[in-house]
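Below, each chain spelled out in residue letters.
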Amino acid sequence: METNYLLSSKFKRIGWIILIPSLILGLYTLFTDWEPAFFDANVLGIFIEDLSGNNRFIGMVENNILNEILGILVILGGIMVAFSKEKDEDELIAKIRLESLVWAMYLNYGILLLAFLLLYDFSFYWAMVFNMYTMLFFFIIRFNIKIWRLRKSVSYEEQY
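Residues numbered from 1 in each chain as written. Predicted model: local features only at pLDDT ≥ 70, side-chain atom pairs only at ≥ 80, totals over all residues. Heavy atoms only, no water.

A. Layout of the overall build of the protein chain. Scanning the protein chain from N- to C-terminus turns up 4 helices and 2 strands. Computed over C-alpha atoms, the radius of gyration of the protein chain comes to 20 Å, more than 25% over the 15 Å expected from 2.2 N^0.38 for 160 residues, which places it beyond the range of a compact globule. With the C-alpha coordinates aligned to their principal axes, the bounding extent of the protein chain is approximately 70 × 40 × 30 Å. Here the protein chain holds 160 residues, and 28% of them are scored as buried. Taking contacts inside the protein chain between residues at least 6 apart in sequence as the whole, the part at least 24 apart equals 70%. Here the protein chain has roughly 11,600 Å² of accessible surface; of this, 68% comes from carbon and sulfur atoms. (Helix = DSSP H or I, 4+ residues; strand = E, 2+ residues; numbered from the N terminus. Rg over C-alpha atoms; globule rule 2.2 N^0.38 Å. Buried < 20%, exposed > 50% of the residue type's maximum accessible area, 1.4 Å probe, protein only. Contact = heavy atoms within 4.5 Å. Areas by Shrake-Rupley, 256 points an atom, 1.4 Å probe, with all protein chains shown as cover.)

What follows is the structure, given as C-alpha cells:
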C-alpha cells in the first residue's frame with residue numbers, strides 16, 4: 001500500500017533521538033523553572049501584554065527561548081516518531097495507524113472536555129499546555145504497543 005504522507009523509516013530513529021532528550025529536559029525545566037541566561041533573547045512577538053497592563057499588537061519582547069526551543073523539538077521529534085513508515089509497512093499496519101490516531105483523538109478530546117468541566121484558572125492553563133502534546137503522545141504510545149504486540153504474536157507463531 002502506497003503511503004505518500006508518511007516520512008521515510010529512517011526518520012523514526014532521528015525522531016527518538018530528538019524526542020527523548022528534549023522531553024526530559026522540557027519536563028526538568030517545567031518542574032524546576034530552570035532558564036539559563038544563555039537563552040535570553042529579544043524576539044518578535046504579537047499580541048503582547050506585559051505585567052504593567054500595556055498591550056501591543058506587535059513588537060520586540062525579552063524572553064528566555066529555552067521553552068520554545070524544547071517545545072518545537074518535542075513536536076518535531078514526536079511527528080518523526082509517529083509518522084515515519086515502519087520497515088514493513090502494509091495494510092495491517094496502516095489500519096493500526098489509523099485506529100491509533102482515532103483512539104488518540106477521542107482520548108485527547110475526552111480529557112479536554114473534562115478539563116473544561118473541572119479545571120479553572122491556572123490549572124486549566126496548564127491542562128491546555130499539556131494538551132498540545134498529549135494527542136501525539138497517546139498516538140505514539142498506542143501505535144507502538146499495538147505494533148509490538150503484532151510482532152510478538154507473529155514471532156511466537158513462527159516458532160511453532
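Read on for the rest.
B. Representation of the confidence of the model for the protein chain. Counting all residues, the mean pLDDT for the protein chain is 91, and 95% of those residues have values of 70 or more. For the protein chain, per-element mean pLDDT is lowest for strand E2 (residues 55-64), which scores 88, and highest for helix H2 (residues 66-82), which scores 97. (pLDDT = per-residue confidence, 0-100.)

C. Structural detail: helix H1 (residues 10-32). Given a rise of 1.5 Å per residue, 23 residues ought to cover 33 Å, and the 34 Å separating the end C-alpha atoms of H1 matches this to within 8%. Within H1, burial applies to Lys12, Gly15, Leu19, Ser22 and Thr29. (Expected span 1.5 Å × (residues − 1).)

D. The nonpolar core, seen in detail. Core analysis: the largest hydrophobic core is formed by 14 residues, its most contacted members being Leu19, Ala82, Phe139, Ile140, Phe143 and Ile147. For this core, the elements supplying multiple residues, two or more each, are H2, helix H3 (91-118) and helix H4 (121-159). Counting residues per element, this core draws most heavily on H4, which supplies 7 residues. (Core = buried A, V, L, I, M, F, W, Y, C linked by side-chain atoms within 4.5 Å.)

E. Focus on the packing of H1 against H2. Relative to each other, H1 and H2 sit at 145 degrees, their axes nearing to 7 Å. Crossing geometry of H1 relative to H2 is assigned as left-handed. Where H1 approaches H2, its residues Phe11, Lys12, Ile14, Gly15, Trp16, Ile18, Leu19, Ser22, Leu23, Leu25, Gly26 and Thr29 are matched on the opposing element by Leu66, Asn67, Leu70, Leu73, Val74, Gly77, Gly78, Met80 and Val81. Within the contact of H1 with H2, the residues separate by chemical class into 13 nonpolar, 7 polar and 1 charged. (Axes fitted to C-alpha atoms, helices over the stretch in contact; angles between N-to-C directions. Left-handed = near helix turned anticlockwise from the far one by under 90°. Nonpolar A, V, L, I, M, F, W, Y, C, P; charged D, E, K, R; others polar.)

F. Layout of the pattern of salt bridges. Overall, the coordinates contain 5 salt bridges when judged by the stated rule. Taking the shortest distance from any N to any O, the salt bridge between Glu86 and Arg151 comes out at 3.0 Å. Residue Glu86 is found in the loop between H2 and H3, and its partner Arg151 is found in helix H4; the two are separated by 65 residues along the sequence. Residue classification places Arg151 among the partly exposed positions, given a relative accessible area of 39%. Across the pair Glu89 and Arg97 runs a salt bridge, and its minimum N-O distance is 3.0 Å. Taken as a pair, Glu89 and Arg97 share a single burial class, namely buried. Overlapping salt bridges bring together Lys12, Glu86, Asp88 and Arg151 as one network. (Salt bridge = Lys/Arg side-chain N within 4 Å of Asp/Glu carboxyl O.)

G. The arrangement of unusual backbone geometry in detail. Residues other than glycine seldom take positive phi values, yet Phe47 does so here, at roughly 55 degrees. With respect to the helices, strands and loops of the structure, Phe47 is situated in strand E1 (residues 40-49). Backbone geometry places Asp121, a non-glycine residue, at a positive phi of 55 degrees. Of note, Asp121 is situated in helix H4.

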